[in-house]
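Letter by letter, the chains look like this.
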Amino acid sequence: MSIVRYTLRRALTSVPVLIGATALTFGLVHLAPGDPIDVLVGFDHVDPATRASLRAEYNLDRPLWQQYLLWVRDVATLEFGESPITGRDVGPTVAGRLPHTIALGVSAWLLSLAIGIPAGIVAAVDDGGPADEVSRIGALVGIATPNFWLGLVLLFVFGVQLGWVRVTPPDAPLASLEMAWFMVLPTITLATALAAVVTRLMRSSMRRELEREYVRGARARGLRERTVLLKHALRNSLTAVVTVAGLQIALLLDGAVVVEQVFSWPGMGQLLVESISRRDFPVVQAVVLLIAVATIVANLLVDLAYAVIDPRIRHDR
Amino acid sequence: MGVWKGSGERVGRRTFLGAVGVSGAIGFAGCLSENGSEGGETADQAVENSAEALIRNGFEAAGIDPPFETTIYANAENDERIRWAQLVQYELNETDLFDVGFEQLEWGTYEQLLLNMAENEENCLVTLDLSGGWDPHIYVNSLFHSAHRAPNGFNFNHYADERTDELIDSAVAESDREQRVETYGALQERLAQQVPISIVRSGEEATVYRQERIDDWRQYPLPGSEYDPVYAPYGGEFLETEDETTELVGDAVATVSNTDPVRMNDTTSNMATSLIYEGLLAVDFDGTPRPLLATDWEQLDATTYRFDLREGVEFHNGETFTADHVRASFGRYEGSPREPDVYDWYDGVDVIDDTELEVHLTGEYGPFETSVGVPIVPLAAGDGEIDLADEPVGTGPYRFDEHAEGEYWRLRRFDDHWFDGDDAVPAQPTVETITMRIISRPAARRAALEADELDLSVGLSADDVADLDGDPEYGVERAATGSFDFLIYPQYLEPFDDVDVRRGIDRLLPRQTIVEEVYAGQGTVAYTPIPPLLSEFSIEGGDPGV
Amino acid sequence: MALLEVDDLTVQFYTEDGVVRAVDGFSYEIERGETFAIVGESGAGKSVASLSLLRLIERPGEIVDGEIRFRGRDVLGFSQDELRQFRGNDAAIAFQNPEAMLDPVYTVGEQIVETMRAHDIATGEAARDRAISLLERVDIADPESAYTDYPHELSGGMAQRAVIATALSCDPDLLILDEPTTGLDVTIQAQLLETLTDLAETFDTAIQLVTHDLGVVADCCDRALVMYAGRAVERAPVEELFYDPSHPYTAGLLASIPRIGDGRDRLPAVPGSPPDLVQVPTGCRFHPRCPYAEDVCATRDPKLVELETGNPVPDGRRPDHASACHEHTGNLEGGLDYEVRIVDDRGNDSTDSSGQDGAVSDGLDGAESDGQTDDETAPDDPETGGDHGERSR
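Residues numbered from 1 in each chain as written. Chains lettered and ligands numbered in written order. Predicted model: local features only at pLDDT ≥ 70, side-chain atom pairs only at ≥ 80, totals over all residues. Heavy atoms only, no water.

- Within an unreviewed UniProt entry, the label attached to chain C reads ABC transporter ATP-binding protein, and the organism entered is Natrarchaeobius chitinivorans.
- The annotation that UniProt attaches to chain C under Subcellular location (unreviewed entry) is "Cell membrane". (UniProt positions renumbered as here; feature names shortened; annotations may be inferred.)

- Identification of chain B as ABC transporter substrate-binding protein from Natrarchaeobius chitinivorans is taken from an unreviewed UniProt entry.

**Here we look at the pairing of strand S12 (residues 346–353) of chain B**
Along a regular strand, successive side chains alternate from one face of the sheet to the other.
Residue and element names in this part refer to chain B.
Now for step 1: With six bridges connecting them, S12 and strand S13 (residues 356–361) associate as antiparallel partners. Looking at S13, one finds that Asp350 is bridged to Glu358.
Now for step 2: Hairpin connection of S12 to S13: two residues between the antiparallel strands. (Pairing = 2+ DSSP bridges. Helix = DSSP H or I, 4+ residues; strand = E, 2+ residues; numbered from the N terminus.)

**What about the interface of chain C and chain A?**
Now for step 1: Contacts between the two partners involve 28 residues from chain C, matched on the other side by 23 residues from chain A.
Now for step 2: At the boundary of chain C with chain A, total buried surface from both sides reaches about 2,400 Å², with 53% on carbon and sulfur atoms.
Now for step 3: Of all residues in chain C, Val105(C), Tyr106(C) and Glu114(C) bury the most surface against chain A, accounting for 23% of the area lost on that side.
Now for step 4: Its salt-bridge partner being Arg221(A), residue Glu114(C) comes within 3.1 Å of it at the nearest N-O pair.
Now for step 5: Linking chain C with chain A are 14 residue pairs in polar contact (both at pLDDT 80 or more).
Now for step 6: Secondary structure elements with two or more residues in the side of chain C that touches chain A: helix H3 (98–101) and helix H4 (108–118) of chain C.
Now for step 7: Along the lines of polarity and charge, the residues of the side of chain C that touches chain A split into 14 nonpolar, six polar and eight charged. (Contact = heavy atoms within 4.5 Å. Buried area = accessible area lost by both parts, 1.4 Å probe. Salt bridge = Lys/Arg side-chain N within 4 Å of Asp/Glu carboxyl O. Polar contact = N/O pair within 3.5 Å; in protein donor to acceptor, adjacent residues only side chain to side chain. Nonpolar A, V, L, I, M, F, W, Y, C, P; charged D, E, K, R; others polar.)

**Re the UniProt feature "domain: Solute-binding protein family" (unreviewed entry) in chain B**
Now for step 1: Sites flagged by UniProt as "domain: Solute-binding protein family" (unreviewed entry) map to residues 289–537 of chain B.
Now for step 2: Annotated as residues 289–537 of chain B, this span is 23% helix and 28% strand, and its ends, taken at the C-alpha atoms, are 16 Å apart.

**Points about the UniProt feature "domain: ABC transporter" (unreviewed entry) in chain C**
Now for step 1: UniProt records the feature "domain: ABC transporter" (unreviewed entry) for residues 4–254 of chain C in the present numbering.
Now for step 2: With 40% helix and 27% strand, residues 4–254 of chain C has its two end C-alpha atoms placed 27 Å apart.

**Quick word on unusual backbone geometry**
Now for step 1: Here the residue pair Pro66(B) and Pro67(B) is connected by a cis peptide bond, since its omega of 0° sits within 30 degrees of zero.
Now for step 2: One can find Pro67(B) in the loop between helix H3 (41–62) and strand S1 (68–75).
Now for step 3: For the bond from Glu494(B) to Pro495(B), the omega torsion is 0°, close enough to zero to count as cis.
Now for step 4: Within the secondary structure, Pro495(B) sits in the loop between strand S18 (474–488) and helix H16 (499–508).
Now for step 5: Phi at Asn59(A) takes a positive value of approximately 60°, unusual for a residue other than glycine.
Now for step 6: Structurally, Asn59(A) can be placed in the loop between helix H3 (48–57) and helix H4 (64–76).

**What to know about helix H11 (residues 248–255) of chain C**
The α-helix winds at 3.6 residues per turn, so residues separated by three or four positions along the chain end up facing the same way.
Now for step 1: In terms of burial, H11(C) is largely enclosed, as eight of its eight residues are buried.
Now for step 2: Within H11(C) the residues assigned to the buried category are Pro248(C), Tyr249(C), Thr250(C), Ala251(C), Gly252(C), Leu253(C), Leu254(C) and Ala255(C). (Buried < 20%, exposed > 50% of the residue type's maximum accessible area, 1.4 Å probe, protein only.)

**Comments concerning the interface of chain A and chain B**
Now for step 1: Taken together, the contact between chain A and chain B spans 45 residues of the former and 50 residues of the latter.
Now for step 2: Between chain A and chain B, a total of about 4,000 Å² is buried, with carbon and sulfur atoms accounting for 49% of that surface.
Now for step 3: Linking chain A with chain B are five salt bridges.
Now for step 4: One salt bridge connects Arg88(A) with Glu405(B), and the closest N-O pair in it is separated by 3.7 Å.
Now for step 5: Mapped by element, the contributors of at least two residues to the side of chain A that touches chain B are helix H2 (36–41), H3, helix H5 (90–125), helix H7 (147–161), helix H11 (225–262) and helix H12 (268–277) of chain A.
Now for step 6: Per element, the largest residue contribution to the side of chain A that touches chain B is seven residues, and it comes from H7(A).

**Re the packing of aromatic side chains**
Now for step 1: This model, assessed by the stated rule, comprises 36 aromatic pairs over all chains.
Now for step 2: Relative to Trp409(B), the ring of Phe400(B) lies with its centre 4.8 Å away and its plane at 45°, an arrangement referred to as tilted.
Now for step 3: Residue Trp409(B) is classed as buried on the basis of its relative accessible area, which comes to 1%.
Now for step 4: Taken together, the ring pairs in this structure connect Tyr305(B), Phe307(B), Phe330(B), Tyr343(B), Trp345(B), Tyr346(B) and Phe368(B) into an aromatic cluster.
Now for step 5: Over the ring of Tyr106(C) we find Arg235(A); its NZ or CZ atom is 4.7 Å from the centre of that ring.
Now for step 6: Sitting above the plane of the Trp418(B) ring, Arg310(B) keeps its charged end 3.9 Å from the centroid. (Phe/Tyr/Trp six-rings, centres within 6.5 Å; stacked < 30°, edge-to-face > 60°. Lys NZ or Arg CZ within 6 Å of the ring centre and 35° of its normal.)

Laid out in structure tokens, this is it:
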């Protein structure tokens, strides 16, 4: 089956996932006590009629399933509604944060792979040797370091003590040198744990591949060790890493919540946290939808990457 | 307007030290020292003995064998609150009369516990803080009036006392100040006898600024007006920067969520717009109502006030301020989320001419002068021509310039502001732009200040403020504010229904330790629900129930 | 000078249970263009011996002693780069499991070309053409499509051929084939062996063929070495080995050659199982399974001696026929009481025939009967074994 058809089929099968994910969050968010109107009016003794009319304004008086269907209808036309809290359109609000999160997420993701894959390879090749040990300890430390703590330490050391980087984002466009420089610390903070995970995974996966016959076979054929490792063992090990690298999208968002706060980064994580605490349902919904779509797309890409990496998968389908 | 701290940006306030886990040790060391080496041991002992005796009486009356098991709660986002709750837990357990557990909950769950504790007869002691404004009514009404039992107010433990209700009702419907002082005095005494909750500490607002940029700063006591000292002709304050640069950079602890006055529901949005919007009156740094868009006012009878309006006032969008703006601005509150801000007292406006009007009240209203200064907005806002939620427009000395969501909020000097200058304040602010950087982590705020990316910070934790206080690079300006921390008793439940038990516990509360150890000396010990900020009304200092 | 000389090769594996000598003092040599067989049961150390030649033993294994000389060059002394150039170019190997030897994520063609490129044999179009012609040479029906196939898309026989094609891609002087016929059905086996014989002749490539299957040895080898528990127990030209097996283990192996029609490709060669190499038996390693074992076998370790003279085989020398059994040094009282019966293609048997194929039976009575009880599809009769010679015809 062609890649295109396969992609289309996967995209279609993810629609129920999307519906499930959004319905679930819709339920969770709405069933939790309190709604945006409570937040808006606080606990002031607002006239019940006023309360009711405010609720009606945002359809909050309707049964949950109706609210959900209304929401789905709007979203189908890319209409994300208006936030009852801010009074602003949700679409632009979320879209405004998206580039920041993507920029940080992608750079952290790339950094974690750029560190984790080579470190994992070195560790696997050096199996049991000093480099393996160093990478093992490094990864352990990386995984165990809470990212808010790491972020603050980096912030104080490089921002405050050494003054090499800014502590808050500069007034510069996202795609600018100043911004890129500022992003170094948050990227490192966000990438550390991921890099650690990738390192360990890469190591074990590479280790497993190195023990396979084809590696010995490749050596027997007189290939250069670099070719054996990087062309053969690495490509085979990548399937496992690609899986995790794809799943990391979710992890990245989780980490972004903390890192974005530490570095005052105006991304989706910050928005999500604030919106949840303010019961800003439409914003929460839009963000969750976006995360769900991102996760599905990431999984799709992972599957496609599998197919590229491993012909057996390509043919089995 | 009452702001329930913890519900918004106060969530997650924690210190750098607290985050790395030192806080627990400090808190614990604190309570040891109080019982150990502090002076006046015999006096303390006496208080303790009498407190324990009171509790024992209560237990006997209820037929309870000590220790009585209960749990004290704090919300996980608030480190200081957790620490002081644990101090109280420790103190109570020391008596052997109680077996108190401690639990922390996420804010959402915590909120539900608070709102439903009385309904569900929860056996719990709950810690919280509340901040209010310039009038005592705000504090006592929501907390103690039987009409405001949760979830319709902050009367979480469903305290109901006729005398209390009467005093609250009569004080608010009284515009004679002396009369009100007397009534609130009586109310505070009543509450001190009844102890439905225990007030522990009254808070303090602090701004830390870089000396090289700012020579002097005056703290506005209430949250929401943190940046007013930059230019506040009504209070005789303005900021002269040390150097020629005319940009001031400060911080904001959360995103600016909504800048339309009738939907504004958090202090950050208030703060962000406080220099943009002006009302008829403003309450100055000492709590005295001052003319702003009104030049003069007069109470005609119990329910009528006449205002002379300032001439030559221009809105940022070019409209000229008239009496119609006042009527329209008040009217916008009807049916809005912030309806009570105005409609608690507002009955209508008679526009006499462009510069004169009469405001009619639904009844005599004590806090009128501190309540009437709601933002006056252009008519274009009512027509839907402009959306204040996106772009606040007022008559203030600064106009909205730029909002990078989640990043910063910027104001620019409004060159056509009406003020002509006087002895204390020049006709124009020296600061041209004010940038409020949105920094949600307290530790990051401190870092930004230390990295010279902020000229001032209005959101440092108590520990950080104390830390920078001795540093010559920084200036620290503090002011007692209208907030207090308190402990809620489950007074619907044995043995807490017994006033002796509550009074006994109240006496055992380690208030001094809490102020010194948990809040690094920020704030003062407190006993009554009217903070010392309202010095005229507060009977602070009186030992309750003795 | 022989093409390959192996002297006293010793390979150890360090396992949790202890040190295993998978190959213990192994010596042999292979002449240019010769087809040499290493025969033994699985676990005897055949594969280890083969891998050692290309220094492909990995941790926890280690070549601890001995010498490997290829055209007189010391293989064990090669630098990493010399070793790399030696592998695939001078000596190539095809593993026991051909499909596993190739990287599953590259096409067969890519891997053949890659091998050639690594040794500067050919690049680009030339490499491609050469690869396809190699695939054709190993009798792959549609070499063009095999070129673009991934290893998993090939059948077992095709994969074996593809691996051999890969191994031949750089014109090696020595081709090591580890159980090339395992897992293939009989017809394919026969075809493959024919191809191999053919290739060896055309390319003048020496072949070291590792197998447990004496039938295969008979079909295409010049000389053979029988291995037991890491040691060489008998070494001889193939004909001599079949007509005159001089070690009881060899005799046992011969007795269990599968016959056509019995549907099995592997029989228990000899009753019992190979010893645990962590704790090898004292004396002759084969004695616990040997029907002729005497006291001396359990105490004294027999040396590999020339049958003619009874003298120990000196390193690097090539005796015609050597065996490691006390019988040949006169230490065995009872002697080896088995006879060799030659069965010709027509089913007539005699004890002394010039037929090409030999099947040894009996004398090793216990051997055969035990083998049968272990395996329900055992041959009915040694006589029918004569048919097996038909296979390769």
